[in-house]
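Architecture and fold: a report
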Amino acid sequence: MTVSAAQVVARIAHLSSSTVVSVKPASQPSLFNDTLNKLSASHPEVNVEHIAQNVDAGSIVAQIGSKDLISLLTIADQQTLTRLVPHLATLIRAPLVISVASFGEHSDIMALRQSGLILVHSSTVEQAHDHALLAARIAAQSKRAVLHFFEEASGEVEEVTDFDLVNFVGNSGSARANGVNGHANGVNGHVNVTEDEDGKTAGDDIEGAVDSAYSQVSELVGHAVEPFKLFGSQDATNVAVVLGSGAEALAASQAGLAVVDIRLVRPAVADRLLSSIPAAAQKIAVLEQSVRRTTRFGPLFVDVAGAFQGSDRSLPKVFVSGTLGSVEAGDVETAGQELISALDAGKHGFVIGSERKLVAKADANTSAGPVSVPKHEQAYNLMLEQVFNERLSVINSPSDETDSHPAALSPEYAFGQVLAQLEKRDELTDAVNEAIRETGHSSELHETLAQWVSSKEDAKKNVSLSNKLASLLESDVSSDALKKIKSLSTHLAFKSRWIVGSDAWAYDAGMGGVHHVIASGRNVNMLIFDSVPYSKRDAIAAHKRKKDIALYAMNYGSVYVASTAVYADYTQVLHALMEADRFEGPSIVLAYVPYKNVDAPALDVLRETKLAVDSGYWPLFRWDPSAEARGTEVFRLDGVRIREQLKQFLDRHNLFTSLANAKPTLSYDLAASQGTGLRDAQRRKAKEAYEKMLGSLDGPPLLVLYASDGGNAEKVAKKLTARAKARGVAARLLAMDDYPVTEELKDEKNVVFLTSTAGQGEPPQNARETYKAMHNKMAPGSLTEETNFTVFAMGDSHYWPRAEDAHYYNKPGKDFDKRLEILGAKRIAPIGLGDDQDADGYQTGYKIWEPLLWKALGVDTIEVKEAEPEPITNEHMKIASNYLRGTIKEGLADTSTGAIAETDGQLTKFHGTYQQYDRDTFEERKAAGLEPAYSFMIRARIPGGVCTPQQWLQLDDVSEKYANKTIKITTRQTIQYHCVLKSNLKAAMQGINKSLLDTIAACGDVNRNVMCSPNPALSELHNDVFEFSKSISEHLLPRMNAYHEIWLDKETDSSKQLLVGGALQDYEPLYGPYYLPRKFKIAIAVPPRNDVDCFAHDIGLIAIADPETKRLLGFNLSVGGGMGVTHSMKATYPRLGDVIGFVTPEQTLDACRTVMLIQRDTGNRANRKQARLKYTIDKVWGGADNFRAEVERRLGYKLAEPKEYHFETNTDQYGWTKDHLGNWHCTLWLENGRVKDEPGNPFRTGLRELAKIHKGNFRFTPNQHIIVSDIKPEDKDKIDAHLKEYKMNNWEHSGLKLSASACVAFPTCGLAMAESERYLPLLVEKVEKIFLANGLAKDEVTMRMAGCPNSCSRAWIAEIAFVGKAPGSYLMLLGGAHNGTRLNKIFRDNVGEEEILAVLEPIIKKYAQERITGETFGDFVIRAGIIAPTTSGAAFYDNVNTESTIPAPVQA
Ligand code: SF4
């Protein structure tokens, strides 16, 4: 197979190194990246860094400082190679291979020859292969840096196998290579050098190491690999010594000519070089491919001369130096003749071949080309454009091509430009002032001149005045002053001048550049990017920590400084940019945008940003010295989570003294680490409990350590502990990571490890530290047989369908079992394996294992007389809560933690709020000993999803003040806030209530927000139906005095009673003290649109119109819909409702209440996974017919038969629609319902501004979009113009994109198993390409994603669906009906993006080719035999075949 030298080299680099740094050329694709990317998929352990061409590669490599091999891959571009020079003194003693793809011209490479690098050259692909191995071997073995430069060419080569390669280089990288002591010792924190007792480094015998590497490589590849190679006869008298390509062909071109091909350039081994030169040589020419060299003689010439001079051999009479240019295949003969002629002439400086072509080829392949702005930095550029429009002047913008010199992008150069511009504007101002003093000008001109001066720095007025002045000067330049003004007219406009410092294009904004700007005192702004990922922060040299620039600048006192991060707080960046512009003096805005490489996904940038902001590494703040004069705060802290780190921040730099004085509220006390305290308290509590238990129980001690992500294993462990206690065992229970395993396990007598299985066979989150400690810190034999153990592992044997992945099944448990034995503990019962696939799930294995444990503990014969204590369930919590009060009030007042008590967490759901924590930062905070970053989600109750513009303004205000400045429109037609801190929770609740909306029953075991088809334009029935959604919601609302007392500080009858000494007495007429067994949902659809997915709810009402009057006749009543499922638990399934009858408007409230009360009375309260109405109907009532009979019995009358109806689609209709009254409604598309501002897309601002002028309503759709509704005809144009201005008229997308929908999932949803809202847009983009390629641009196909099987996005109904199982792994389903009347079916288990795209492509293609007119995708995949239809919820798992093949295309 033909391969390129770069591919061969990249492969060896990847397989032999622990880190590969690949330099991406600015203007062309990388030669190495395809190979690196492919290998990274199978070898993720190798750290591959992609860096831009103008980044300082040497500094990056120096910071990595690995004791294992590092490879740097680059093309021979001058900038990259020159930047290496200052680092080489350090790097030459590192295990480093620098592989340089050359295109013939070697001047820049040869400039590095004196640096101590070992230099090897390859002119063919085979040599590139052999020398890459050689270089890796030498570097790994002798810890010396090798530069291997190779001509980029293609050819065939027999490559060594991966196995041989890894062994070959790997062997040398181990103890032997590390010298005498076998350990790698870091020196100066950067590179590793090993020294023996005499202080000699292992790499000091370079020549010996090089020699032995040559023979080892020769042995490995099966042919001789040599430093020099002679082509031609030993008797030749004409000899060329060549460093470059084509030596063999050149030798063959002329009789009597021999050519010595130089492959090892450094170390220059004189003896062997001489021995390669024929003894008969009378004329020697030294040829080098260095056209641009500045010396008369090339370095090789000097080497050869030196070799002769240091030997007995005398130099031949003719010894000349020349240049080897480009010699193409047909020109070799001529080149040979040129060489002979040059030897005959005996003069230096001749050229063989074409110099011009050589240079042209090198230039074409290595020139830096136009610099592009990395995509992640574009966000800031867009914001600059958005804020300043035509006023914006980015002085060193890469898009400004007027000066192509690389220095034009440097901040220093830009600063010079700014100064020049400012001076010119000063000159202009002087000229204008002079012209004002002159007489004889027209009054208009005079007035304009005067106005210009007074508003020359007024962003608003300056534009029109400058334009006016310029046009007046067209006709009047009657004085010198006016002439001068005209000549300087380009400076009339008041610009917002920005110098941008980017790691990628204006590299190293550098302290130098910043210093000049600050010291100048001029009105210039600097935007300085920092792209160092938080996770790599420690590897970055101090001088590159941009965050420290802020402190430096603030120390000047007269500089505006802001530290921002667009992925953390968009609004703060906007404020900072505007304030910097307004500030009369230098401004520095630091912009954090962390990315590991330019192609890093946005999600990674987001996570890195969060970690940095959350940890206080990158604090968000603004420092505006001019604020003092205005009487406002100079320092504003914009981040909410950095306070505990602030002390560290202040202490480290010791520059904030004045700040701390000025802002005493930022007390140092805040720095106390609450997390550490909590952990200590937790440990103390555990120990006390342990001691107490030991005192009260006399049976054997038992420690149960559990690890659980989803809570299942935790429940089993709790139950086990309770059962142990019932047998008199002194049992105690701890999460694994809360137990100090390294210190205390050795003292335990009996211990049970009980764990579930996460992700790809990994331990759950709360066992990761234990797992690592037991495998890395605890040595074999560190336990004794005094410690008895047994393990119970829980997993799903079908989770990994491929045979090669089967070992992941219950892997953590098996690993613990094996490791405990190795550590020396004694197994008292064999490992128990709980398998979700067994008949009874995990219980099958558990029932066998548990008796073995009792037996081993000697308590198997103990009779358990008392009933085992029941675990606390939600039902217990509800009844004990005193009508949902619990200790919520007390929890809110507790400032020692961001959380509330666990039981209160269950109760607050009824109040419309959930406790969550940031899952992105969980690990990092845990490692730092901090509690998770707790916050709250708040959900409002908005029946029918309608709010007024005034209400929206209030809701938006809450998001700005207390949440994360975004609002999520949900699939239940309401809104949610995320990231509300406990300290803000009450204020946020009050803020929502101020809008006359509330959050009662938005979550919890009650009737939730009642939904209804949202678009008034689509049916005359709409208004009647909407009124019903409100009245049903009110009718089924819990009274919840607790809500008013806790959140609104209102007195209720109950609280008044408490005040006079009585007990709180509440009354819930509908719900009673237990409320419902589970949540309860109602939706109303207005055919033909089923946009509410009415069959997905416990009650679905289908509005039926009177054919005559067109008014509401009544509703078909559907019952028993529900989406929630537990993976692998077939007793759980999604279900669509059954239509059981028709109710008139008068009967509707009663019917709804009756259905809900049957569920209250007969729903399963023992098992929440079986508690929804769908299971009550199927399992308690034996089906919909019996349930209907019960409804009729309770109502006291028969339900009428359902009326006819017809649904077409469950999607939204975008854009403008007009209703029967002549009013307009406009449905806006909003990606996954997230109202937010983004660079270039200020949707939230647009909506807020719209609310100020809109006189109708806003309506939220169940597909998470917004309708600007009830617009009078006369207002339509104004609204339309506003939508255009803010780019909110954005519904021109593909049908797929418009029909896609995702739930929230990561980072806030505690139940998420995989990404959803953050990932679906990326997936849609890729699937969309397949749709477009098949001509399906406008076809609506519902594609939904959910982060877990609860499926808040109603994924089980979509035509294409993905339901998260683990990060990056989804259940894929097909075949839902486009109108929401059929569930889909599992098509593939555990698929990632690659497989999703691979299976979808042929199916979509088939659909495009074979569908019949009007056939929807969901119907087609069933007709085409791709998937079986799901006929009912209970049959959801029937006919699932996750390995089915896609039927062949039907032949035309
Ligand atoms: S479907 Fe699951 S992951 Fe998504 S928001 Fe609902 S509970 Fe969270």
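Please read all numbers here as calculations on a predicted model, not as lab measurements.

Strand β27 (residues 750-755) sits mainly inside the fold: six of its six residues count as buried. Side chains of β27 alternate between two faces, with N750, V752 and L754 and V751, F753 and T755 buried alike. Looking at chain direction, strand β25 (residues 701-707) and β27 are connected through five bridges and run parallel. Residue pairing for β27: L703 is matched across the bridge by V751. Viewed along the sheet, the connection from β27 through helix α29 (residues 768-777) into strand β28 (residues 788-795) turns out right-handed.

The strand order across the open sheet formed by five strands is β31-β32-β35-β34-β43, and the pairing between neighbours is antiparallel. A single partner strand is all that each edge strand has here, and the edge strands are β31 (913-917) and β43 (1234-1235). Pairing between strand β34 (residues 967-969) and β43: two bridges, direction antiparallel. Counterpart to K968 in the pairing with β43 is R1234. Against the sheet, helix α36 (residues 949-962) makes contact with β34, β35 (975-980) and β43, and its axis sits at roughly 20° relative to β35, the strand it touches most.

In the neighbourhood of the ligand, the contacting residues comprise C1303, V1304, A1305, C1309, L1311, A1312, G1347, C1348, N1350, S1351 and C1352. Here the residues of the shell around the ligand are counted per class, giving eight nonpolar, three polar and no charged.

Evaluation of the coordinates by the stated rule reveals 32 aromatic pairs. An angle of 75° between the planes, with centres 5.1 Å apart, marks the rings of F1436 and Y1437 as edge-to-face. Each of the two residues, F1436 as well as Y1437, counts as buried. Counting every residue linked through ring pairs, the aromatic cluster contains Y534, Y592, Y617 and W618. The ring centre of F1142 lies 4.8 Å from the NZ or CZ of K1203, which sits over that ring. Across from the ring centre of W1216, 4.8 Å away, lies the NZ or CZ of K1276, which sits over that ring.

What counts and how
- Residues numbered from 1 in each chain as written.
- Predicted model: local features only at pLDDT ≥ 70, side-chain atom pairs only at ≥ 80, totals over all residues.
- Heavy atoms only, no water.
- Buried < 20%, exposed > 50% of the residue type's maximum accessible area, 1.4 Å probe, protein only.
- Helix = DSSP H or I, 4+ residues; strand = E, 2+ residues; numbered from the N terminus.
- Pairing = 2+ DSSP bridges.
- Right-handed = clockwise from strand over helix to strand, strands pointing away.
- Contact = heavy atoms within 4.5 Å.
- Axes fitted to C-alpha atoms, helices over the stretch in contact; angles between N-to-C directions.
- Near = heavy atom within 4 Å.
- Nonpolar A, V, L, I, M, F, W, Y, C, P; charged D, E, K, R; others polar.
- Phe/Tyr/Trp six-rings, centres within 6.5 Å; stacked < 30°, edge-to-face > 60°.
- Lys NZ or Arg CZ within 6 Å of the ring centre and 35° of its normal.

Interpretation in functional terms is not warranted from these geometric data alone.
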